[in-house]
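Notes for the structure review
Chain by chain, the residues run as shown.
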Amino acid sequence: MPEMPEVETLCRQLRNKICQKKITGCRMDDAKLPAMKNLEGKEVIAVERRGKTICLSLDDESFIKIHLRMSGRLLWVEEAIKPKYVRWTLRFSDGKILLIDPRRFATVNLQKTNRESLKNDLMAGFDEKRFLESQAKRKVNIKTLMMDPKAMAGIGNIYACEILHRSKISPFRKADALTPSEWRCLFKNAKIIMKEAIEKRGTSISDWRDLYGRKGEYQDELQVYGREAMPCRICGENIVRVKQGSRSTYYCPCCQK
DNA sequence: AGAACCGCCTGCTTGC
DNA sequence: TGCAAGCAGGCGGTTC
């Protein structure tokens, strides 16, 4: 499932592929998605990531917002092929972008404003002081907090598990019990892991593919996610999986306190 | 107000 | 083998 590194990978590839190009057509193939009329002739002037949202800025000051949710993918296609589960097509003169989404959770829409904040995006304008003022007193599990998009945008289940493991913090700890040095450690490792995962073009543990259909390589670096009953690469203790809310959390009971 | 829970979706895996 | 149940989970909305 696409999280920040995967969405960032797509944004970088989209930027190279469609900036300064004019849209030549748009087609919805899912009645759930809103019709987006009169896109023909508009030019894409920028591609931005805000949390896990992809923003295509157009030359008339409107924005196409794409959120891939669980199973969404974007694929650049130049030939006349038609994969399964195509929900939306955006055409350019030299090819087209397909939104492929078996589970139909992904959303696409046209907006007049770009109001997603960057202040809670770890790799953009993240404001640690502001974050701690608003979040550090909360009585939720630290892992739940990390996955709250209003608190920390872009972190999903895989990277939340990985960041906590590298920070040696138990996923059961309440946010209001973390010490200042633990928060610093968490922010630092989150940024490091995001950077490493972006360099590897994301984690293809299941169906993630980049704009050109290629797998990422960060799945080879995972320390805990998907490694239930396998030995921790740090201490050798078996990795444990538990349910937190409705989500699987993987952690090392020996390393993470 | 804040924490917990629900519903949207459907392909794939597991169990009888 | 076949079918049903269970699972994957981001996130906005609802409930407690």
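For the structure, see preceding data.
In short, a report on the structure. (Residues numbered from 1 in each chain as written. Chains lettered and ligands numbered in written order. Predicted model: local features only at pLDDT ≥ 70, side-chain atom pairs only at ≥ 80, totals over all residues. Heavy atoms only, no water.)

Another point: the packing of helix 4 (residues 157–167) against helix 5 (residues 180–199). Remark: helix 4 packs on helix 5, axes separated minimally by 9 Å, with the N-to-C direction vectors making an angle of 125 degrees. Relative to helix 5, the element helix 4 is oriented oblique. Note on packing geometry: the crossing formed by helix 4 with helix 5 is right-handed. Between helix 4 and helix 5, the residues in contact are Tyr 159, Glu 162, Ile 163, Leu 164, Arg 166 and Ser 167 and Cys 185, Leu 186, Asn 189, Ala 190, Ile 192, Ile 193, Met 194, Glu 196 and Ala 197, respectively. For the contact of helix 4 with helix 5, the per-class residue count stands at 10 nonpolar, two polar and three charged. (Axes fitted to C-alpha atoms, helices over the stretch in contact; angles between N-to-C directions. Helix = DSSP H or I, 4+ residues; strand = E, 2+ residues; numbered from the N terminus. Parallel < 35°, antiparallel > 145°, perpendicular 65-115°, else oblique. Left-handed = near helix turned anticlockwise from the far one by under 90°. Contact = heavy atoms within 4.5 Å. Nonpolar A, V, L, I, M, F, W, Y, C, P; charged D, E, K, R; others polar.)

To continue, consider helix 5. Along its 20 residues, helix 5 runs 29 Å from first to last C-alpha, staying within 8% of the 28 Å computed at 1.5 Å per residue. All of the buried residues in helix 5 are Glu 182, Trp 183, Leu 186, Phe 187, Asn 189, Ala 190, Ile 193, Met 194, Ala 197 and Ile 198. Elements in contact with the buried residues of helix 5: helix 1 (4–18), helix 2 (128–135), helix 3 (142–146) and helix 4. Just past helix 5, the residue Arg 201 takes up positive phi, approximately 60 degrees. (Expected span 1.5 Å × (residues − 1). Buried < 20%, exposed > 50% of the residue type's maximum accessible area, 1.4 Å probe, protein only.)

Ordered by their spatial adjacency, four strands build an open sheet running 1-6-7-5, and the pairing between neighbours is antiparallel. Edge positions in the open sheet fall to strand 1 (23–28) and strand 5 (73–77), since each of these has one partner strand only. Going across the sheet, the axis of each strand differs from the next one's by a mean of 15 degrees, ignoring polarity. Along the sheet, helix 1 contacts strand 5, strand 6 (86–92) and strand 7 (95–100); its crossing angle with strand 5, the most-contacted strand, is approximately 30 degrees. (Pairing = 2+ DSSP bridges.)

Turning our eyes to something else, we now look at the pairing of strand 5. Across the five residues of strand 5, five count as buried, placing the element largely inside the fold. Burial along strand 5 is two-sided: the face carrying Arg 73, Leu 75 and Val 77 and the face carrying Leu 74 and Trp 76 are both buried. Summarising the sheet, strand 5 and strand 7 pair through five bridges and their orientation is antiparallel. Counted as the bridge partner of Val 77 is Lys 96 from strand 7.

The subject of this paragraph is helix 1. Helix length check: helix 1 (15 residues) gives 20 Å between terminal C-alpha atoms against 21 Å at 1.5 Å per residue, within 8%. Counting buried positions along helix 1 yields 12 of 15 residues, so the element is predominantly enclosed. Remark: Gln 20 follows helix 1 within two positions and exhibits a positive phi of approximately 65 degrees.

Here the focus is unusual backbone geometry. For Arg 104, which is not a glycine, the phi torsion comes out positive at approximately 60 degrees. Under the relative-accessibility criterion, Arg 104 is labelled partly exposed at 34%. Although it is not a glycine, Lys 168 adopts a positive phi angle of roughly 60 degrees. Assignment of secondary structure puts Lys 168 in the loop between helix 4 and helix 5.

Relative to the assigned elements, Lys 139 resides in the loop between helix 2 and helix 3. Lys 139 gets classed as exposed once you look at its relative accessible area, which sits at 64%. Distance in space between the C-alpha atoms of Lys 139 and Ile 198 is 31 Å, their sequence separation being 59 residues. When residues no more than four places from it in sequence are discounted, the contact partners of Lys 139 are Lys 174 and Asp 176. In this structure the side chain of Lys 139 is engaged in a polar contact, spanning 3.2 Å, whose partner is the side chain of Asp 176. (Polar contact = N/O pair within 3.5 Å; in protein donor to acceptor, adjacent residues only side chain to side chain.)

Around DNA strand C, a shell composed of 16 residues is seen, among which Arg 103, Phe 105, Met 147, Tyr 225 and Lys 243 lie nearest. Counting only the atoms of DNA strand C within 4 Å of the protein, the fraction contributed by sugar and phosphate is 62%. Residue Asn 157 places a main-chain N or O atom 3.2 Å away from a phosphate oxygen belonging to DNA strand C. Note that a phosphate oxygen of DNA strand C is positioned 3.3 Å from one of the side-chain N or O atoms of Ser 248. If you list the elements that add at least two residues to the surface near DNA strand C, you get strand 9 (240–244) and strand 10 (247–251). Partitioned by chemical class, the residues of the surface near DNA strand C number six nonpolar, three polar and seven charged. (Near = heavy atom within 4 Å.)

The next subject is the nonpolar core. Of all hydrophobic cores here, the largest spans 36 residues; its most connected members are Ile 142, Met 146, Met 152, Ile 155, Ile 163, Trp 183 and Leu 186. Put simply, the parts of the chain that give this core at least two residues each are helix 3, helix 4 and helix 5. When residues in this core are grouped by element, the largest group, seven residues, is from helix 5. Contacts of Leu 186, omitting those with residues within four sequence positions, involve Ile 142, Met 146, Met 152, Ile 163, Leu 164, Ser 167 and Ile 169. Formed by 29 residues, the second largest nonpolar core is a distinct cluster that contains Met 36, Leu 68, Leu 90 and Leu 211. (Core = buried A, V, L, I, M, F, W, Y, C linked by side-chain atoms within 4.5 Å.)

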